[in-house]
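# Topology and contacts: notes
One-letter residues, chain by chain:
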Amino acid sequence: MSAKGEIRVENVTKEFGGVTAVKNVDLMIETGTYCCMLGPSGCGKTTLLRMIAGHETPSSGRILLGGKDVTTTPTGKRGTALMFQNYALFPHLSVADNVAFSLKVAGVGAADRRERAMAMLKRVQLAHLSDRVPAQLSGGQQQRVALARALVTNPQVLLLDEPLSALDEFLRLRMRTELKRLQSELGITFVHVTHTQPEAIALADQVVIMDHGTVEQAAHPREIYDRPHSPYVARFMGGQNVLFGTVEARRNDAIVVVDPAGNRFTVPVLSGFNNRAQVALAVRRDAIRIRDDAGDADNAIRGEVSSVEYQGTFVKVALRTAQKDEFLVYQNESDYFAQPRAAGEFVTAVWDARRNVLLAGANNSSGDPIGE
Amino acid sequence: MQSSGRKRRASFYLLAGFFCAFVLFLYAPMIAVFVLSFQGPAGGMTFPLRGASTYWFSDLVTSSRYGDLGGAFWRSLALAGASTVLTAVICFFAGLAFRRRFPGSGIVFYLVILSLVVPGLLLSFGIGEMFQLLGLPLHWLVSGLGAHLSWTLPFGLLIMFAVLSRFDGAWEEAARDAGASAAQILLYVTLQILFPGLIAVALFGFTLSYDEFPRSLLTLGASNSLPIEIANMTSSVTTPALYAIGSLTTALSLAVIVGAFAGISVIRRHREAS
């Protein structure tokens, strides 16, 4: 018997009049997980969330909650609660009545539902505003009401559709912490849709990266950051340079990849590769050092400094190289100021062979919904 | 007074003069009718006033010169009441239906607009003719009500569209997510949020029906509505009683409108109350 908050998505496809929003998605979210679905707008993450919530029915495939097939179970009867992007609070009801709404339609008595709504409002520190209407609340307060309204039915799965996108930067960071605290207190499954990568990294036990209706990679954020599956994932998560080249030779547990400009990268691999195969690899930008010249060393790339940006804790140095993508180095602040570089200077970026990560997936999109 | 000392241009005075003339044109006749309805018993249909009294108001009730004025008034009120309720109910559901594109929604919409464009008198004539053709008797609450609805429904629907443009479908989704049934969503969420707008729709249904003349002319059968009765009186009655009717009907319309707006603002205030 599966735990109650476990979500299993089996080969789910959703089409809207000829447009495939979600394509053959398989996904397993363990109970009690904080899962973030991440991707550019139009990648299908919201559609997938809405199918789990029961607001859309898959064109094919199955969705199981706690081991029970709920593919066609109506929303509100499957143990999920959805927090809407713009909260969708009922404008004609007080805060307390908003929170108590699901209890009212379930036939709970007035005194009982008032009591339960107040208890939930206390939990989100809004009990003193229970008689206000939503129009009188700030964005942050509305968000808490929406949260309380979703949680009042004791759902096994809480689904959050871009819950922080309507808040300003300061509130976003505060609510982020609060969401995480609430999730660990309640111990239920949270599925949180977002398009901002720092939000996902900060919150999630499991990040699901989507693109064009498919799941690119689903893993712990650290795993995704360290071992991105494809050029798309590496670019979308950020902090990585993506390099392309051709396999020239095999050396112990590594392959030698040569780019068109003749730079050699030794990439650790588990299985064999055909010579001449085209491959992509990623290098973390904070694992790269800048030298005047590295001679003929492997795992180095020469380029012209195109811009320098001071970022407080580090300095972002951009290089123009023979590679398609801009090559960025996040240089330690003290390293940079020991030998500052100016735009137009030619330098060599070097890194350790162990930092090379082979990108097995083929998805090479930029992660930018427009610039493709 | 202008403290800035800036001189106003000639165009300001020209436009201000035009505006005043417009206001005078709009309200002076109404005010004149209102004042003249309090004409003394010996007074005529024009100024000057010969004493002030409520004689012509009581004359309306007591005298038999005016035909079935009371009956016409109650018929008009009942007709307007039926139009109000039907317009509000039908436009509410029609507006909700038009949120989605259903097969033939475009055609239905243009048919609705068509009944707004067709000349009322022509429609009235057509309805009268059709009832005769079918061998059905004309009756103010059957053919009359139908004719009025052909006028109030398109207006009501257009207002409903405006009302719905500020309605967020996510509210209904949120209710469904909370486990509400279709009937509960309609009753607790959709209807309640749209209610102030629905009052506006109903109000239009009332006023458009209450003073409708062309569409009533050939569809009411044996008994008349108030506008037709008054129109008939203008050619036969030559006393200020005519003005008294004008004052009374205007007062009633005003009371309905003020009541509706008061209702809307009470609901608004309740929703924004601290």
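Positions within a chain are numbered from 1, following the residues in the order the chain's sequence is written. Labels are handed out in written order, letters beginning with A for the chains and numbers beginning with 1 for the ligands. Per-residue local features of the predicted model are confined to residues with pLDDT of at least 70, and side-chain atom pairs are confined, for both listing and counting, to 80 or more; whole-chain, interface and lining totals are unaffected and use all residues.

## Focus on the overall build of chain B
Runs of H or I in DSSP of at least four residues are treated as helices and runs of E of at least two as strands, each being numbered from the N terminus. Helix and strand counts for chain B come out as 11 helices and zero strands. When the helices and strands of chain B are placed in sequence order, the string is α-α-α-α-α-α-α-α-α-α-α. Here exposure depends only on C-beta density: within 10 Å of a residue's C-beta, 20 or more other C-beta atoms make it buried, 12 or fewer make it exposed, and intermediate numbers make it partly exposed, the C-beta atoms being placed from the backbone. For chain B, the proportion of its 274 residues judged to be buried stands at 29%.

## Concerning the overall build of chain A
For chain A, the count of helices and strands is nine helices and 20 strands. Reported as C-alpha extents along the three principal axes, the dimensions of chain A are approximately 80 × 45 × 35 Å. Here chain A holds 372 residues, and the buried ones make up 42% of them. In chain A, the proportion of contacts linking residues at least 24 apart, taken out of those at least 6 apart, comes to 66%. Contact definition: two residues whose C-beta atoms, as placed from backbone geometry, lie within 7 Å.

## Some words on the nonpolar core
We define the nonpolar core as any set of buried residues of the types Ala, Val, Leu, Ile, Met, Phe, Trp, Tyr and Cys, connected via C-beta atoms lying within 7 Å of each other. Counting 127 residues, the largest nonpolar core has Met-37, Val-99, Leu-159, Val-208 and Leu-281 of chain A as the members making the most contacts within it. Of all the elements, helix α8 (residues 182–210) of chain B adds the most residues to this core, at 12 residues. Residues in contact with Val-208 of chain A, not counting those within four places in the same chain, are Leu-27, Cys-35, Met-37, Leu-38, Val-215 and Ala-218 of chain A. In terms of nonpolar packing, the next biggest core, distinct from the first, is built from 13 residues, Trp-56, Leu-226, Leu-242 and Tyr-243 of chain B among them.

## Side note on the interface of chain B and chain A
Contacts between the two partners involve 18 residues from chain B, matched on the other side by 20 residues from chain A. Elements that contribute at least two residues to the side of chain B that touches chain A include exactly α7 (170–177), α8 and α11 (241–272) of chain B. In terms of residues, the side of chain B that touches chain A owes the most to one element, α7 of chain B, which gives seven residues. For the side of chain B that touches chain A, a count of residues per class yields eight nonpolar, four polar and six charged. The classification used treats Ala, Val, Leu, Ile, Met, Phe, Trp, Tyr, Cys and Pro as nonpolar, Asp, Glu, Lys and Arg as charged, and all other residues, Gly among them, as polar.

## Brief notes about the packing of helix α5 (residues 120–133) of chain B against helix α6 (residues 140–164) of chain B
Residues and elements named next belong to chain B. Convention adopted: a line fitted to C-alpha atoms gives each axis, helices being fitted over their contacting stretch, and angles between N-to-C directions are expressed from 0 to 180 degrees. Running from N to C, α5 and α6 point in directions that differ by 145 degrees, and their axes come no closer than 11 Å. Read as a crossing pair, α5 and α6 show a hand that is right-handed. On α6, the residues touching Gly-120, Leu-123, Ser-124, Ile-127 and Phe-131 of α5 are Ser-143, Gly-146, Ala-147, Ser-150 and Trp-151. Across the contact of α5 with α6, the residue classes break down as five nonpolar, five polar and no charged. Note on convention: the crossing is left-handed when the near helix lies turned anticlockwise from the far helix by less than a right angle, right-handed when the turn is clockwise.

## Re unusual backbone geometry
Of note, the amide linkage connecting Phe-47 of chain B to Pro-48 of chain B takes the cis form, showing an omega dihedral of 5 degrees. Relative to the elements of secondary structure, Pro-48 of chain B occurs in the loop between α1 (10–36) and α2 (55–62). In this structure, Asn-11 of chain A takes a positive phi of about 50 degrees despite not being glycine. With respect to the secondary-structure elements, Asn-11 of chain A resides in strand β1 (residues 7–16). Of note in the backbone geometry, Asn-299 of chain A takes a positive phi value of approximately 50 degrees without being a glycine. Accessibility expressed as a C-beta count within 10 Å gives 21 for Asn-299 of chain A, which makes it buried.

## A few points about the sheet that holds strand β6 (residues 80–83) of chain A
Residue and element names in this part refer to chain A. Pairs of strands are assigned from DSSP output, requiring at least two bridges between the strands. Judged by pairing direction, the sheet is mixed, and its six strands sit side by side in the order β6-β7-β8-β3-β9-β10 without closing on themselves. Each edge of the open sheet is held by one strand with a lone partner, namely β6 and β10 (214–219). With direction set aside, neighbouring strand axes in the sheet form an average angle of 15 degrees. With five bridges connecting them, strand β7 (residues 157–161) and strand β8 (residues 189–194) associate as parallel partners. Residue pairing across strands places Asp-161 opposite Val-193, the latter belonging to β8.

## A look at the pairing of β10 of chain A
Alignment of strand β9 (residues 206–211) of chain A against β10 of chain A, held across five bridges, turns out to be antiparallel. Opposite Val-207 of chain A, over in β10 of chain A, you have Ala-219 of chain A as the bridge partner.

## Some thoughts on the packing of helix α3 (residues 69–97) of chain B against α8 of chain B
Residues and elements named next belong to chain B. At their nearest, the axes of α3 and α8 sit 8 Å apart, and the two run at 145 degrees to each other. Our pair here, α3 against α8, has a crossing hand that is right-handed. Between α3, through Ser-76, Leu-79, Ala-80, Ser-83, Thr-84, Thr-87, Ala-88, Cys-91 and Phe-92, and α8, the contact on the second element is made entirely by Leu-198, Val-201, Ala-202, Gly-205, Phe-206, Ser-209 and Tyr-210.

## Topic: the sheet that holds strand β18 (residues 327–332) of chain A
Residue and element names in this part refer to chain A. In spatial order, the strands read β15-β19-β16-β17-β18; together these five strands make up an open sheet with antiparallel pairing. Either end of the sheet is taken by a strand with one partner, and the two such strands are β15 (288–291) and β18. If you compare each strand with its neighbour and ignore which way they point, the axes differ by 45 degrees on average. Sheet analysis places β15 next to strand β19 (residues 346–351), joined by four bridges and oriented antiparallel. What sits directly across from Arg-291, in β19, is Thr-348.

## Focus on the environment of Gly-71 of chain B
Residue and element names in this part refer to chain B. Tracing the sequence through the fold places Gly-71 in helix α3. Judged by the 14 C-beta atoms lying within 10 Å of it, Gly-71 is partly exposed. Along the backbone, Gly-71 and Phe-167 are 96 residues apart, and their C-alpha atoms lie at a distance of 42 Å.

## Here's the deal with the environment of Tyr-110 of chain B
Residue and element names in this part refer to chain B. With respect to the helices and strands, Tyr-110 occurs in helix α4 (residues 105–117). Judged by the 10 C-beta atoms lying within 10 Å of it, Tyr-110 falls in the exposed class. Distance from Tyr-110 to Ala-174, taken between C-alpha atoms, is 33 Å for residues 64 residues apart in sequence.

## Some remarks on α7 of chain B
When α7 of chain B is considered as a whole, its buried residues turn out to be Trp-171, Ala-174, Ala-175, Arg-176 and Asp-177 of chain B. Buried positions along α7 of chain B lie against α1 (45–53), β6 and α2 (95–105) of chain A together with α8 of chain B. Just past α7 of chain B, the residue Gly-179 of chain B takes up positive phi, approximately 100 degrees.

## A short note on the pairing of strand β4 (residues 60–65) of chain A
Residues and elements named next belong to chain A. Bridge count between β1 and β4: five bridges; the pairing is antiparallel. Residue Val-9 lies in a different strand from β4, and its bridge partner there is Ile-63. Pairing of β4 with strand β5 (residues 68–69), which is carried by two bridges, proceeds in the antiparallel orientation. Residue Leu-64 lies in a different strand from β5, and its bridge partner there is Asp-69. Between β4 and β5, which pair antiparallel in sequence order, lie two residues; one of them, Gly-66, sits at a positive phi of approximately 55 degrees.

## Some details on α1 of chain B
Residues and elements named next belong to chain B. For a helix, the expected span equals 1.5 Å multiplied by the residue count minus one. Counted at 1.5 Å a residue, the expected span for α1 with its 27 residues is 39 Å, and the 37 Å between its end C-alpha atoms agrees. Where α1 bends most, at Tyr-27, the angle is about 35 degrees, and the proline Pro-29 comes one to four residues later. Along α1, only one of the 27 residues are buried, which leaves the element largely exposed. In this analysis the local bend is the angle between axes fitted, respectively, to the seven residues ending at and the seven residues starting at the residue.

## Observations regarding the confidence of the model for chain B
All names here are of chain B. The predictor reports its confidence for every residue as pLDDT, a score running from 0 up to 100. The share of residues in chain B with pLDDT of 70 or more is 97%, and the mean pLDDT across the chain is 89. No element of chain B has a lower mean pLDDT than α2, at 84, and none a higher one than α7, at 95. Note on the complex model: pTM 0.82, ipTM 0.83.

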